[in-house]
Amino acid sequence: MAYLKASADDVVPIGWTAFWQLFPKGGLAIFAWFLCCFPALALEMRIAIQEGANQVVVGTSNTGLIRDQQGQHIAQVPQGRSLTVAAQGTQVKAANSVSSSFWVEPGANGYVFIGDRWYRGRVLVMSNGSGVTAINYVDLEHYLYSVVGSEMPTSWPLEALKAQAVAARSYALHRRSQSRSPHYDVGSTTAYQVYGGLAEETQSTQAAVEGTRSQVLTYGGQVIEAVFHSSSGGHTENVEDIWSQPRPYLRGVQDFDAGAPVFEWVRTFSRDEFSRLMPEVGRLASAQPQRTTPQGRVREILLEGDRGARSFTGNDFRNALGLRSTLFSIAVAGEQVQISGRGFGHGIGMSQWGAHNMASQGYTYQQILGHYYQGAQLALVEPQ
């Protein structure tokens, strides 16, 4: 018998027949649906929006407040007005006050302005010793309203957006638990997951987040590192074949991304252009992969040119040429270097285009997540 926790005092049993009707499509390794409570978690994220800047412009959509480290009101921020917080030695200056940090808080139902974008929540502006760092403190679910819209087209099927919401929530909490910074949990760029503030929210992203509120993926009782990418080019990778440490839930699986605009691609460079992009090699004569993953991604490649021979990691080569992935082959013919590849991203975890296509075929977000995160379980994380 499976149980759905409806509330703290109301546990409703679901018979196995009804339980499996939650998953109308067959043929997938579908994980069980578990609802549980984790230890007390303050579900507020701390996102570094700017770090080490000379100054940061902040503001509020309605009348807001500037508070000192102890929470004392020191100044008011007029509605719709901006304020420049500048580095001053090892401290920061806001209004006419100098301190190691300040809070900027909008009034009720207001928003905060940081740099050139509006955000929910509040902002802590602080010195990092030589510059100004702006950290957005925001409710986890409100943070995800923006992340889902920043990471996936908001017009995509709702089940794909829901899968993205659960993956992003899991990834955020995993990174939060692993953060090496005492001041923030994650950044706002692709080095973490993209967070663009209010501009990236839509009704569809809000619906995806609210439709999966508090749901995370777990393995062995721990929130997983639910990484994702745009398209694998046909098959995702075992994580240890790309990165160093294996994860039992990040296993290579057949992708559903056929037909995606990034499923196949070609980049053509002149030999002179290639030489400018990779000056250590010069005009390319030959390229030979030295190590590849079981799916064909290049781990190491040997390049020979008129300036000598040199080995590069697949990622360094990809970054130097601006390629979409490390799943590629190279042909040198005459004055041209042609690179033919598949997919977009590292190829680990959930394929976003695969999620799109699965959702378009009628799969639920639970089934999508179960396919890409093998053996993971869905759980509720609740503050206590």
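Before any of the text, the structure's been laid out above.
Everything numeric here is computed off the predicted structure, so don't read it as measured data.

1. Side note on unusual backbone geometry
Non-glycine residue Asn109 carries a positive phi angle of around 65°. Asn109 gets classed as exposed once you look at its relative accessible area, which sits at 78%. At Ser214, a position not held by glycine, the phi torsion is positive, near 70°. Position of Ser214 among the secondary structure elements: in the loop between helix H4 (203-210) and strand E16 (215-219).

2. With respect to the environment of Ser146
Looking at the secondary structure, you find Ser146 in helix H2 (residues 140-151). For Ser146 and Thr205, which are 59 residues apart along the polypeptide, the C-alpha to C-alpha distance reads 7.4 Å. Setting aside residues up to four positions removed in sequence, Ser146 forms contacts with Tyr195, Gly196, Gly197, Glu200 and Glu201.

3. Structural notes on the side chain of Thr60
Note on placement: Thr60 falls in strand E4 (residues 55-60). At a separation of 2.6 Å, a polar atom in the side chain of Thr60 contacts the main-chain carbonyl oxygen of Asn62. The contact partners of Thr60, leaving out residues within four places of it in the chain, are Val77, Pro78, Gln79, Gly80, Arg81, Val104, Glu105, Pro106, Tyr111, Val112 and Trp118.

4. Considerations on the packing of H2 against helix H3 (residues 158-178)
Each pair of packed helices gets described by two things: the angle between the helix axes and the distance between those axes. Contact geometry of H2 with H3 gives a least axis separation of 9 Å together with a crossing angle of 120°. If you check the angle between H2 and H3, you find them oblique. Between H2 and H3 lies a crossing of right-handed hand. In this structure, H2 uses Leu140, Glu141, Tyr143, Leu144, Val147, Val148 and Glu151 to contact H3, whose residues at the interface are Leu161, Gln164, Ala165, Ala168, Arg169, Ala172 and Leu173. Class assignment for the residues of the contact of H2 with H3 results in ten nonpolar, one polar and three charged.

5. Remarks on the pattern of salt bridges
Per the counting criterion, the structure on display carries 17 salt bridges. Residues Arg120 and Glu201 are paired through a salt bridge, measuring 2.8 Å at the closest nitrogen-oxygen approach. Taken together, the residues span a long stretch of sequence, with Arg120 in the loop between strand E12 (117-119) and strand E13 (122-127) and Glu201 in the loop between strand E15 (186-187) and H4 at a distance of 81 residues. Here Lys162 makes a salt bridge to Glu159, at a shortest N to O gap of 3.5 Å. Of this pair, Lys162 and Glu159 both sit in helix H3, three residues apart, roughly one helical turn. The partly exposed category is assigned to Glu159, whose relative accessible area is 23%. Salt bridges linked by common partners bring Arg271, Asp272, Arg283 and Glu335 together as one network.

6. With respect to the sheet that holds strand E22 (residues 308-313)
Note on sheets: strands pair through backbone hydrogen bonds, and any given pair is parallel or antiparallel. The strand order across the open sheet built from three strands is E20-E21-E22, with neighbouring strands paired in antiparallel fashion. What marks the edges here is a single partner per strand, and that holds for strand E20 (284-292) and E22. Averaged over all adjacent pairs, the angle separating strand axes in this sheet is 20°, with direction ignored. Where E20 and strand E21 (residues 298-305) come together, seven bridges link them in antiparallel fashion. Pairing of Ser286 across the sheet is with Glu304, part of E21.

Criteria and thresholds
- Residues numbered from 1 in each chain as written.
- Predicted model: local features only at pLDDT ≥ 70, side-chain atom pairs only at ≥ 80, totals over all residues.
- Heavy atoms only, no water.
- Buried < 20%, exposed > 50% of the residue type's maximum accessible area, 1.4 Å probe, protein only.
- Helix = DSSP H or I, 4+ residues; strand = E, 2+ residues; numbered from the N terminus.
- Contact = heavy atoms within 4.5 Å.
- Polar contact = N/O pair within 3.5 Å; in protein donor to acceptor, adjacent residues only side chain to side chain.
- Axes fitted to C-alpha atoms, helices over the stretch in contact; angles between N-to-C directions.
- Parallel < 35°, antiparallel > 145°, perpendicular 65-115°, else oblique.
- Left-handed = near helix turned anticlockwise from the far one by under 90°.
- Nonpolar A, V, L, I, M, F, W, Y, C, P; charged D, E, K, R; others polar.
- Salt bridge = Lys/Arg side-chain N within 4 Å of Asp/Glu carboxyl O.
- Pairing = 2+ DSSP bridges.

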